[in-house]
Amino acid sequence: MAVSHWLLTSVLFLLSFITQASAQQQGCSVTNSKPFVYENNPPGYVVTTIHVEPDFTVMIDPASPDVSFFTIQGSQLQLSRSVDYESDTLLLVYLICRNTAGQSNSLEILVTILNMNDNSPVFKQTNLTKVVPEDTKVNATIVAREDLSASDADLDIIFYELTTIVAGTDGYFAIKGVNNPEIYLQKTLDYEKFNSTTLVLYARDRPVGSTDTTYTATTTINIFIEEVDTKPPWFLPCTFINTDKSICISSPYTGRVNISEMSTEPLILEPGPIYAIDPDYTLNEKIVYSIVGGDTDKVFSVDADTGNLTMNKLATSPDSYLLQVMATQVNNIQKYSIASVEIKVINKSNHAPYFESRIYNGTVFVGLAPRSFVFQAGDLSRPLMITAVDDDFPNQVNPNIEYYIKNSTDFIATKDGLILTNVMLESRVTVTIEAVGKDIVSLQEASTVIVVEVVCAPAVTSSKIYTAQDMAILGGTLAALLLIALVFLGVMIFKRYGKPVKYLISKKDGTVRSLDSTDYNTSPEHIAQFSQKISGAYQNQSYMQDEHPDVSTKQHETSENGSVQSMTHVPEQRLLSLPSSNAEEIDSLPKASIASTIILVQEEKEEEVEEETEHEKEVKSILKTDRHMADDGYKAVWFKTDVDPDAGERVEVIKDNAADGDDDSGQDLQKNEEEEEDDYYEDDHLRGLRVSFASESSSLPAAKVIVNISCTDTVTEDNSDI
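Given the structure is predicted, the values throughout are model-derived calculations rather than measurements. (Residues numbered from 1 in each chain as written. Predicted model: local features only at pLDDT ≥ 70, side-chain atom pairs only at ≥ 80, totals over all residues. Heavy atoms only, no water.)

Draft legend 1. Main features of the sheet that holds strand E27 (residues 321–329). The five strands are arranged E22-E21-E28-E27-E24 in an open sheet whose pairing can be described as mixed. The open sheet has two free edges, formed respectively by strand E22 (269–270) and strand E24 (287–293), since each of these has just one partner strand. Here six bridges tie strand E21 (residues 253–258) to strand E28 (residues 336–346), and the two strands are oriented parallel to one another. In the strand pairing of E28, Arg-256 is matched with Lys-344. (Pairing = 2+ DSSP bridges. Helix = DSSP H or I, 4+ residues; strand = E, 2+ residues; numbered from the N terminus.)

Draft legend 2. Focus on the pattern of salt bridges. In total, this model carries eight salt bridges according to the counting rule given. One salt bridge connects Glu-182 with Lys-176, and the closest N-O pair in it is separated by 3.0 Å. A residue is classified by how much of its surface remains accessible, and Glu-182, at 16% relative accessible area, is buried. The class for Lys-176 is partly exposed, based on a relative accessible area of 44%. The partner of Asp-190 in a salt bridge is Lys-231, and the shortest N-O contact between them spans 3.3 Å. Note that Asp-190 is positioned in the loop between strand E15 (180–185) and strand E16 (196–204) and Lys-231 in the loop between strand E17 (216–226) and strand E18 (234–235), a separation of 41 residues in sequence. Neither residue differs from the other here; Asp-190 and Lys-231 are each classed as buried. Bridged by salt links that share partners, the residues Asp-190, Glu-192 and Lys-231 form one connected network. (Salt bridge = Lys/Arg side-chain N within 4 Å of Asp/Glu carboxyl O. Buried < 20%, exposed > 50% of the residue type's maximum accessible area, 1.4 Å probe, protein only.)

Draft legend 3. Summary view of the state of the cysteines. In the structure shown here, the tally under the stated rule is two disulfides. Between the sulfur of Cys-28 and that of Cys-97 lies a disulfide, 1.7 Å long from S to S. Across the S-S bond linking Cys-28 and Cys-97, the dihedral sits near -135°, which makes this disulfide left-handed. With Cys-28 in strand E1 (residues 28–30) and Cys-97 in strand E7 (residues 90–99), the pair connects residues that are 69 residues apart, well separated along the chain. (Disulfide = S-S within 2.5 Å.)

Draft legend 4. How the structure looks around the side chain of Thr-48. For Thr-48, the location among the structural elements is in strand E3 (residues 46–52). By relative accessible area, which is 3% here, Thr-48 ends up buried.

Draft legend 5. Layout of the pairing of E21. Across the six residues of E21, five count as buried, placing the element largely inside the fold. As judged from the two bridges shared by E21 and E22, these two strands associate in the antiparallel manner. Following the sheet pairing, Gly-255 is matched in E22 by Leu-269.

Draft legend 6. Structural detail: the environment of Gly-272. Following the sequence through the fold, Gly-272 ends up in the loop between E22 and strand E23 (276–277). The sequence separation of Gly-272 and Leu-236 amounts to 36 residues, and the corresponding C-alpha distance is 8.2 Å.

Draft legend 7. Looking closely at the packing of aromatic side chains. For the coordinates displayed, the defined rule picks out eight aromatic pairs. Ring centres 6.4 Å apart and planes at 50° place the aromatic pair Phe-123 and Tyr-160 in the tilted group. Of the two residues, Phe-123 sits in strand E9 (residues 122–123) while Tyr-160 sits in strand E13 (residues 159–164), which places them 37 residues apart along the sequence. Residues Phe-123 and Tyr-160 agree in their burial class; the two are buried. By way of ring pairs, the aromatic residues Phe-355, Tyr-360 and Tyr-403 are connected into one cluster. (Phe/Tyr/Trp six-rings, centres within 6.5 Å; stacked < 30°, edge-to-face > 60°.)

Draft legend 8. Local environment of the sheet that holds strand E6 (residues 76–79). If you trace the four strands from one edge of the open sheet to the other, you get E1-E3-E6-E5, paired in antiparallel fashion. Either end of the sheet is taken by a strand with one partner, and the two such strands are E1 and strand E5 (70–73). In this sheet, neighbouring strand axes are inclined to one another by 30° on average, regardless of whether the strands run parallel or antiparallel. In the sheet, E1 pairs with E3 via three bridges, with the strands oriented antiparallel. (Axes fitted to C-alpha atoms, helices over the stretch in contact; angles between N-to-C directions.)

Draft legend 9. Quick peek at the side chain of Glu-39. Inspection of the secondary structure assignment puts Glu-39 in the loop between strand E2 (36–38) and E3. No salt bridge forms around the buried Glu-39; measuring N to O, its nearest opposite-charge neighbour Arg-206 is 9.6 Å away. A polar side-chain atom of Glu-39 sits 2.5 Å from the main-chain amide nitrogen of Tyr-85. A distance of 2.7 Å separates a polar atom in the side chain of Glu-39 from the backbone nitrogen of Met-116. (Lys, Arg positive; Asp, Glu negative; His and termini not counted. Polar contact = N/O pair within 3.5 Å; in protein donor to acceptor, adjacent residues only side chain to side chain.)

Draft legend 10. Region of interest: the confidence of the model for the chain. Here the chain averages 75 in pLDDT, while 65% of its residues score no lower than 70. Below a pLDDT of 50 lies the segment residues 637–643, which in the model reaches 20 contacts outside its immediate sequence neighbourhood of four places, other chains included. Of the regions scoring below 50 in pLDDT, residues 680–722 engages in 121 contacts with residues more than four places distant in sequence or in other chains. (pLDDT = per-residue confidence, 0-100. Contact = heavy atoms within 4.5 Å.)

Draft legend 11. Spatial organisation of the environment of Pro-207. Take Pro-207: it is sitting in the loop between E16 and E17. By relative accessible area, which is 37% here, Pro-207 ends up partly exposed. Considering only alpha carbons, one finds Pro-207 and Tyr-160, 47 residues apart in sequence, at a separation of 8.8 Å.

Draft legend 12. Local environment of helix H2 (residues 468–506). Helix length check: H2 (39 residues) gives 53 Å between terminal C-alpha atoms against 57 Å at 1.5 Å per residue, within 8%. For H2, the principal kink sits at Tyr-497 and spans about 55°; a proline, Pro-500, occurs within the next four residues. Every buried residue belonging to H2 is among Asp-470, Gly-498 and Pro-500, and all of these are buried. (Expected span 1.5 Å × (residues − 1). Bend = angle between axes of the 7 residues up to and from the residue.)

Draft legend 13. Geometry of the pairing of strand E30 (residues 359–365). Where burial is concerned, most of E30 is hidden: five out of the seven residues are buried. Pairing analysis gives seven bridges linking E30 to strand E38 (residues 445–455), with the strands arranged parallel. Within E38, the position partnered with Gly-362 by the bridge is Val-452. When E30 meets strand E31 (residues 375–376), the two strands line up antiparallel, connected through two bridges. Residue pairing across strands places Thr-363 opposite Phe-375, the latter belonging to E31.

Draft legend 14. Seen up close, unusual backbone geometry. Each neighbour pair has its own omega, and for Leu-236 with Pro-237 the value is -5°, a cis peptide bond. In this structure, Pro-271 follows Glu-270 across a cis peptide bond, with omega equal to 5°. With respect to the helices and strands, Pro-271 occurs in the loop between E22 and E23. A positive phi is found at Asn-40, a non-glycine position, where the angle reads about 70°. Exposure remark for Asn-40: the relative accessible area of 37% places this residue in the partly exposed category. The residue Leu-443 is not glycine, and still its phi comes out positive at about 65°. Among the secondary structure elements, Leu-443 is positioned in the loop between strand E37 (429–439) and E38.

Pasting the structure below:
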C-alpha cells in the first residue's frame, strides 16, 4: 500500500532516533535503514543487509504499509517486485526481532524511490485540424499553447520542434519557442501557391542532440487555407516581377486609326485586346472596364464587359492619344488596375507592302560563325537582301518596313532585309523559310519564301573565311596605320622646312622680300648694276678697270664658269635687307665711310666655311697704305709695296704676283663654289643673300669676307683692320 509523502516524512523525523536506539539495543540491526532505490529495479533487488544476534530471529511485520514490496532472503532485505516512481515514491517496512525468551523488538526501514526517465511525453490530442483564412495577418496565432502542450510523467522539461511534410510550404508557420508550442503565422499566405499543408509537432523530454535516453511524442496539425479576395485585377498579357509570382505587370497596349476616318469595328491592338482577370482564380470576381483619362474629346469608348475599344467620332488631329483604361471588380471597387493604351493617328494606307519576288534563293557555307551573311545564289560576292515595296510611297520605298523570319530560328533578318545565320550550320541541307516585311506604322504585312542552300565552303588558300566583322577590324587597322604614316611624314617635313619657316616668321617686322624675275638675271652687267645699287655707287670703277685689267679678265672668266653657276641657285633663296632702323643710321653717316659687300653664306656653317677657307688660302706678307681721311673717294686696297696717297703716284700691280693672285683667286673661287654646291644639298636650312654694311668707325672684330660683287669682279680681301 502506498504511503503519502507527508506521512512518511513525519514518521522519518519522529522515529529516527528511536529506531537507531532500538537497533543498537535490540538483537537485530541493518546496515542502512533509509536506503535509496531507483525505480524499475527487477525483483530480488537488495535493499539492505540484516544483522541478527544469537538467539534472535527476524521477520517482516505483516502490518507494515508496504509489506508486499519486500521479502527476506537470508540476511538480505529484497524487493519482491519492481517499483515505479510515478506510483510510489517512498516504501515503509517494519522488521520484528524476537528471541527464545519471548522478547521482541521492531526495526523500521524507509526506502526512497528515485525517478528515472522511463516515460514519453503525452499530447492531449494527437491530431488537430485548423482552417486559416488567406488574409490572416502575419504573427497571428494559429493554434494555442493549451491545445499543443504535452505532459511527462517523469516531470521532465519538454522540448518542442515543428516541421512540415508538404513540399513548398516551409517557412509559413512556426512555434513561439523551444519550450512553447504555440503555432503562429510567419509569412503571408497565398491560396494560389498552396491551399493546404500538414505540420508535425515533436515533444521530447531531452534537448535535440542529447546523448541521454530520449522519449518523443508527436502530434499532427492539418492546415487548410481559405481563399479570400486579396488581389486586384491583372491586365493580360503580363510579366511576373518576383519569384513567388504574386505581382504581374502588363505592357501598354498600342493601336492605330486613320486620320479623318471613322472605324465601326473594335480597334486592333497590340499585343492583344484589352483583357483583365481576377488573380483570385477560385473567386474569379467579375471585372468591368472604363476609360478614366486621356480622352478629353470623347473620341473613343470601351465596352464595360468585354473591354473592346471603339471610336465615337473622327480623329482630326495627327496627335496620338494616350488613354488610361481601368479594370475593377464589381464586388469591390477598391480592387482595380489601370493600363495605358496608345492610339496613333496615321495617314491611310491605300496599298499594303508586297515583295516583287515571290521566292529568293540564297547560299551559305557550312561551319560559318553565327551572324554570317547568306549570299545570293550564283553570286557569292553579294549578300542576299529581301526588299518589300509599297505603292503608297515615292519610288515604292517604305522606311517603316521591318523584316523578320517567321518559321525558323537558324536564320535572322536585319531591319534592312539582310539575311544572316543565327547558328553555326553543321551539314549540307536546303532550308525553306518564310520572311515577313511588316509596316510598323500601319501594321500591314507582306511575306515571301527564301530557299537557302547550305553548301560546303570552296577550297581556298587561306584557312579562314573572313566575315564582315573581320573586314571592319582590318579597315580600322589600316586607317590607324595611315594616320601614323601621315603624322610621321608631317614631322619629317617640319624638320626639313620648319626652321626656314620660323625664320621668315621671326622677320615679319623687318623688310623682307622675295627676288623678282629681274633678280634672277645673272649677267655680268646686271650683277654690276645690282652691286652699285647696294653700295650707293661708291665704287672706284676707273681704278678697278685701269689698274686690274688682267684680274678683271680672269675674274670674268671665272665668273662665267663658277659664279654664274652658283648664282643659278638664287631664285630658291630670299634676299634679306637690313631693318629700316639700321638703314636710317647708315644714311646719316658720310658716304665715304661706308663699305658695302654682298655675302653668299650658309646659315649654320658660316664659321666652318671661314675656317676651311682660311686654311686653304696661302697667307702672304702684304702692306697697305694709311687711310686718307680727307679724300672721300679714297678706298683702301691691298698692295705689294706701300703707296703714298699724297704723292699722286699711280698704283701698279706686279704682274707675276698678280698672276699668282689670279691663280689663287681662281682656285679659291673654284673651291668655294664646289663647297657651296656640296653644302647646298647637305644643309637643311635656307640659303640667302645677306647684305651687310660696315661703318668706317665701327669697332666690330676682324672678319674674313668672301665678296662676290659681280660676274666680272671677284675679289678676296682680308680686312683685318676694318
